[in-house]
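Here is how the chains run, residue by residue.
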Amino acid sequence: MKIKFFSIIAKAALSLATASLFGVFTSCSDTSGDCSNDYAVLSSMNSGAASVKTVSEVSADSRSLSMPYMTESVRIFSDLQPGYGNAVYFTGTFKGASKWSVALRGTYCNGKWYLDVSNGDFEWKCLTGAWDCGESVETPYDGLTWEAGSNKVFSALTVDFNDAAKTAAYYTFYDVSPKMKVFVDTVNKKISQVATIDGTEFALESDFSLWNGLMNYEQVRKCSELFWKFYPYIYKRLANNGSPTIVRLRFGIDGVAYALGDRVTVNQEYLGNSRYDFDCLTHEFTHIVQGGWDGNFCPSFTRADGSIDTYMIERFADVGRYEYAYNNGYYNDYGWDLQDIKGESAYWSSNRFWVWIDYKFSTEKIDILKRMNTAVYNRTFSSSDYGTSGKAWNSIFTGTDAAGKTITQLWDMYAADDFSSCSARARGYGSKSPLIKTYNVRETIKARYN
């Protein structure tokens, strides 16, 4: 389902004619050859023999379907050519250089030397010396020669609609794709990113038209990064014909976060105050990949008063939130609890039960969540077919170890399993919960499909 680049821009509804597209938007894109680490020089931001671009630190090939961390950094470049057996070293006031007292050896790629450092305001300069001086050298050091000229001054990259080039650089995530395209609409205050992930082209439009400043720019950038580190992977696994490849993210002023069609809105005040609940967006982006569910054709429960609870719409999104949580649950597991059987005492009210179903019975060849998403989107079964012994479950569980069992029988199995009561709460940000330590749910599930 690969979509041509300009088709994506048109469908992203940036509300401008093609003739004005190139006059209003500023793109900041990679012009490198085969080496994904060698990027175009942004000469308007830095003069002399070096330049700076934003990246995110990555521990894996950016073109593979992995889930790297999202740590904001910038990449500083040098055109200095120290000769065979030598290297370019970087020092300055940035973190790691210890206020000019340490010089860090750069990496060479396609004619340039570079180093990744934390984004911020800093001064810096290059030195040259033998490669075998080491990865870091205390300065001054007799074996290093300082670059001529003044120190280079860098101001932290951020969102600034009065400076489209700077904003485009801030939103170019080379660890997602070395050929990501970024377009900045300075009139309507929108930023569009387009990248091809595993053969499928995706676009994210970040809408700042209601911007009120109650979130900081690090948070808004991480919201965009979360999309790129999450949505292509959940899309690859679960997409149906209604799952869009073009998604809109709006920074709004109401609710907490909600999805409608192909758009997710997050309340700036909520996330600005909570600061770390990024996985409210993981939940909403999972709703987007559902492609639009009709409650009359999805798993539902009839309450005592006769009303219908279309429970699986939200259970499905919370399963996505838990299994693919930001940074493997770094924030999620401390701030959001996957309640145990005491807190969620029935299959229609339990998020954990459906995580268990997926973990226990899905396989590489048979993905229960994928089957469910496709069946509901295609309106294959009515809600009544998802009853406690309905034919819908028989179809969805066929070929797995859950085949032939009613949903209530599976619930009884779950209730007897330690999985249902093991704590999913982490003791602090970045720590692992007892549930993850015991069952390693996320890595097991991702290994099947990514």
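Below you will find a few notes about this structure.

1. Topic: the overall build of the protein chain
Summing up its helical and strand segments, the protein chain has 14 helices and 18 strands in all. Scored against the burial criterion, the 450 residues of the protein chain give a buried share of 54%. Sequence separation of at least 24 residues holds for 66% of the intrachain contacts in the protein chain that already meet a minimum separation of 6.

2. Things to note about the sheet that holds strand β14 (residues 246-252)
Ordered by their spatial adjacency, six strands build an open sheet running β11-β12-β13-β14-β16-β15, and the pairing between neighbours is mixed. If you trace the sheet from one side to the other, it starts and ends with β11 (181-185) and β15 (257-260), each paired once. The sheet shows a mean angle of 15° between the axes of neighbouring strands, direction not considered. Of the strand pairs in this sheet, β15 and strand β16 (residues 263-267) are connected by four bridges, and their pairing is antiparallel. The residue of β16 that forms the bridge with Ala 257 is Val 266. The strands touched by helix α4 (residues 217-238) are β12 (190-197), β13 (200-207) and β14; relative to β13, the strand with the most contacts, the crossing angle is about 150°. Strand contacts of helix α6 (residues 279-290): β14, β15 and β16, with the helix running at about 160° to β16, the strand carrying the most contacts.

3. What to know about a nonpolar patch on the surface
Taken together, the side chains of Tyr 276, Tyr 330, Tyr 334 and Tyr 429 define a hydrophobic patch exposed on the protein surface, amounting to about 370 Å² of accessible area. Checked against the element boundaries, Tyr 330 lands in the loop between α7 (312-323) and α8 (332-335).

4. Quick look at the pattern of salt bridges
Taken as a whole, this structure holds 16 salt bridges when the rule is applied. Linking Arg 221 and Glu 225 is a salt bridge whose minimum nitrogen-to-oxygen distance equals 3.2 Å. Remark: Glu 225 and Arg 221 occur in helix α4; sequence separation between them is four residues, near one turn of the helix. Across the salt bridge formed by Arg 237 and Glu 323, the nearest N and O atoms sit 3.2 Å from each other. Note that Arg 237 is positioned in helix α4 and Glu 323 in helix α7, a separation of 86 residues in sequence. Arg 237 sits in the buried class, given a relative accessible area of 6%. The structure contains a network of salt bridges with shared partners spanning Arg 237, Glu 323, Asp 358 and Asp 367.

5. A closer look at the pairing of β16
Where burial is concerned, most of β16 is hidden: four out of the five residues are buried. The pairing of β14 with β16 spans five bridges and is classified as parallel. Opposite Arg 248, over in β16, you have Arg 263 as the bridge partner. Counting the residues in the hairpin turn of β15 and β16 gives two residues, including Gly 261, whose phi is positive at 65°.

6. Examining the environment of Lys 95
Its location among the elements puts Lys 95 in the loop between β3 (86-92) and β4 (102-105). Lys 95 sits in the exposed class, given a relative accessible area of 70%. Separated by 25 residues in the primary sequence, Lys 95 and Gly 120 have C-alpha atoms spaced 9.2 Å apart.

7. Concerning α7
With 12 residues, α7 extends 16 Å between its outermost C-alpha atoms, agreeing within 8% with the 16 Å of an ideal straight helix rising 1.5 Å per residue. Within α7, 11 of the 12 residues are buried, which leaves it mostly tucked inside the rest of the structure.

8. A word on the side chain of Gln 193
Looking at where Gln 193 falls in the secondary structure, it is placed in strand β12. Only 2.7 Å separates the side chain of Gln 193 from the backbone oxygen of Tyr 171, close enough to count as a polar contact. Within polar-contact distance, the side chain of Gln 193 engages the side chain of Ser 224 at 2.6 Å. Those residues in contact with Gln 193, other than ones at most four positions away along the chain, are Tyr 171, Phe 173, Met 180, Lys 181, Val 182, Phe 202, Ala 203, Leu 204, Ser 224 and Trp 228.

9. What to know about the side chain of Arg 248
Relative to the helices and strands, Arg 248 is located in strand β14. Polar side-chain contacts of Arg 248 include one of 2.3 Å to the side chain of Asp 262.

10. Some remarks on the nonpolar core
Residues Phe 94, Trp 228, Tyr 231, Phe 285, Phe 353, Trp 354 and Trp 393 are the most contacted members of the largest nonpolar core, which totals 111 residues. Looking at which element gives the most residues to this core, the answer is α4, with 10 residues. The contacts of Phe 94, once residues within four sequence positions are left out, are Ile 76, Leu 104, Leu 115, Val 117, Phe 122, Glu 123 and Trp 124.

Quick notes on the rules
- Residues numbered from 1 in each chain as written.
- Predicted model: local features only at pLDDT ≥ 70, side-chain atom pairs only at ≥ 80, totals over all residues.
- Heavy atoms only, no water.
- Helix = DSSP H or I, 4+ residues; strand = E, 2+ residues; numbered from the N terminus.
- Buried < 20%, exposed > 50% of the residue type's maximum accessible area, 1.4 Å probe, protein only.
- Contact = heavy atoms within 4.5 Å.
- Pairing = 2+ DSSP bridges.
- Axes fitted to C-alpha atoms, helices over the stretch in contact; angles between N-to-C directions.
- Patch = residues over 30% accessible without salt bridge, like charges linked within 9 Å, V, L, I, M, F, W, Y side chains within 5 Å.
- Areas by Shrake-Rupley, 256 points an atom, 1.4 Å probe, with all protein chains shown as cover.
- Salt bridge = Lys/Arg side-chain N within 4 Å of Asp/Glu carboxyl O.
- Expected span 1.5 Å × (residues − 1).
- Polar contact = N/O pair within 3.5 Å; in protein donor to acceptor, adjacent residues only side chain to side chain.
- Core = buried A, V, L, I, M, F, W, Y, C linked by side-chain atoms within 4.5 Å.

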